Amino acid sequence: MRIVSLLPSATEIVCSLGLEDQLVGVTHECDYPDAVRTLPKVTNTLIPTDAPSGEIDALVRERLKTNRALYSLDFPTVERLAPDLIVTQTLCDVCAVAEAEVAAATCRLPGRPRVVNLEPTTLDGVLAIVRTVGEAAGVAERADEVVRGLRDRIAAVAARSASVARPRVLLLEWLDPPFSCGHWSPELVALAGGDEVIGRPGERSRTLTWAEAAAARPEVIVVACCGFSVARTMVDVSAAAARPEWAALPAVQSGRVYVVDGSAYFSRPGPRLVDALEVLAHALHPAVHPLPPKLPAARRVANE
């Protein structure tokens, strides 16, 4: 089978199922595992990732308001790759090629490849799409094994969290302007032993004011900027720290602000969400949750 992935999490799912050798095309953002970096790229983006976050936010809002796509499909490359299976998503208009463009392209491709749309909004939903991809690719039993392994890791974290004192946690997905977390992230906070003070499981993230963040009285702040590395996120943390509201946040006063790699772990609805859970759990309760080997610890932001 020849598989084209139109989002990074789908690429990670395909590879977790042992189908890396059947993956023939990926997005310009697919970077894990390392081997996929050399595969043909089938998407482009209008989002200038090197721009300030406020400008990126303004561009995204304007494009969505006019229903203009943020990502585009490189149809000649897709046509040349002749996929049997295309894996995409309909969950987030910011994160992938528009569903209508994928449908139109599929109609023009010889053999009419199967298209699998993924739209998980919860952690269980993410585990379910691993099975969905496995079934579409003919490796359902392998998918079941992968899901069992992920569930075992989740259960281990939940068991250790059962008796901890739960701090008030604010997980932010963007800083300029601030966005609450959404979808699966509030579940990760709960499993890790915290109480998310604004985000709700299964719901979309939303824009906040700093006054609203302060009113929530978070004892811990975790910054997981969507699509950003730790280094890129630290740029925005420095800007946020210059705001007068920042110093009044309880988490800032107690030195419990952490930065994590949103791009690699928290933003992608795939197997590495369980890595995200383990990183988060270690940050909240390091004496209870050991950090698994090869996973990066959350970066603690020093008070200036």
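Preceding this paragraph is the structure being described.
Residues numbered from 1 in each chain as written. Predicted model: local features only at pLDDT ≥ 70, side-chain atom pairs only at ≥ 80, totals over all residues. Heavy atoms only, no water.

### Side note on unusual backbone geometry
Thought 1: The linkage connecting Tyr-32 with the following residue, Pro-33, adopts the cis geometry, with an omega of -10°.
Thought 2: Residue Pro-177 is reached from Asp-176 by a cis peptide bond, and omega for that bond is 0°.
Thought 3: Checked against the element boundaries, Pro-177 lands in the loop between strand S7 (168-175) and strand S8 (178-180).
Thought 4: Positive phi is not limited to glycine here, since His-183 has a value of about 50°.
Thought 5: Along the polypeptide, His-183 turns up in the loop between S8 and helix H7 (185-192).
Thought 6: Owing to a relative accessible area of 13%, His-183 belongs among the buried residues under this scheme.
Thought 7: A positive phi angle is found at Arg-217, which is not glycine, with a value near 50°.
Thought 8: By the secondary structure assignment, Arg-217 is in the loop between helix H8 (210-215) and strand S10 (220-223).
Thought 9: What makes Arg-217 partly exposed here is its relative accessible area of 49%. (Helix = DSSP H or I, 4+ residues; strand = E, 2+ residues; numbered from the N terminus. Buried < 20%, exposed > 50% of the residue type's maximum accessible area, 1.4 Å probe, protein only.)

### A few points about the pattern of salt bridges
Thought 1: According to the stated counting rule, one finds 11 salt bridges in the structure shown.
Thought 2: With its nearest N and O atoms 2.7 Å apart, the salt bridge here joins Arg-131 to Asp-144. Of this pair, Arg-131 sits in helix H5 (residues 123-136) while Asp-144 sits in helix H6 (residues 140-161), placing them 13 residues apart in sequence.
Thought 3: Through salt bridges with shared partners, a single network forms among Glu-12, Asp-31, Arg-268 and Arg-272. (Salt bridge = Lys/Arg side-chain N within 4 Å of Asp/Glu carboxyl O.)

### Here's the deal with the packing of H7 against helix H12 (residues 273-284)
Thought 1: Contact geometry for H7 and H12: axes closest at 9 Å, N-to-C directions at 45°. Accordingly, the angle class assigned to the pair H7 and H12 is oblique. Helix-helix and strand crossings are classified by hand; for H7 and H12 the assignment is right-handed. Two secondary-structure elements touch here, H7 through Leu-188, Val-189, Leu-191 and Ala-192 and H12 through Leu-273, Ala-276, Leu-277, Leu-280, Ala-281 and Leu-284.
Thought 2: Residue classes in the contact of H7 with H12 are distributed as 10 nonpolar, no polar and no charged. (Axes fitted to C-alpha atoms, helices over the stretch in contact; angles between N-to-C directions. Parallel < 35°, antiparallel > 145°, perpendicular 65-115°, else oblique. Left-handed = near helix turned anticlockwise from the far one by under 90°. Contact = heavy atoms within 4.5 Å. Nonpolar A, V, L, I, M, F, W, Y, C, P; charged D, E, K, R; others polar.)

### Structural notes on helix H4 (residues 99-108)
Thought 1: Buried residues of H4: Val-102, Ala-105 and Thr-106, and no others. Here the buried residues of H4 occupy an arc of 105° about the axis, which is enough to place them on one side. Those residues of H4 that are exposed and aimed more than 90 degrees away from the buried face are Ala-100 and Arg-108. (Arc of directions from axis to C-beta.)

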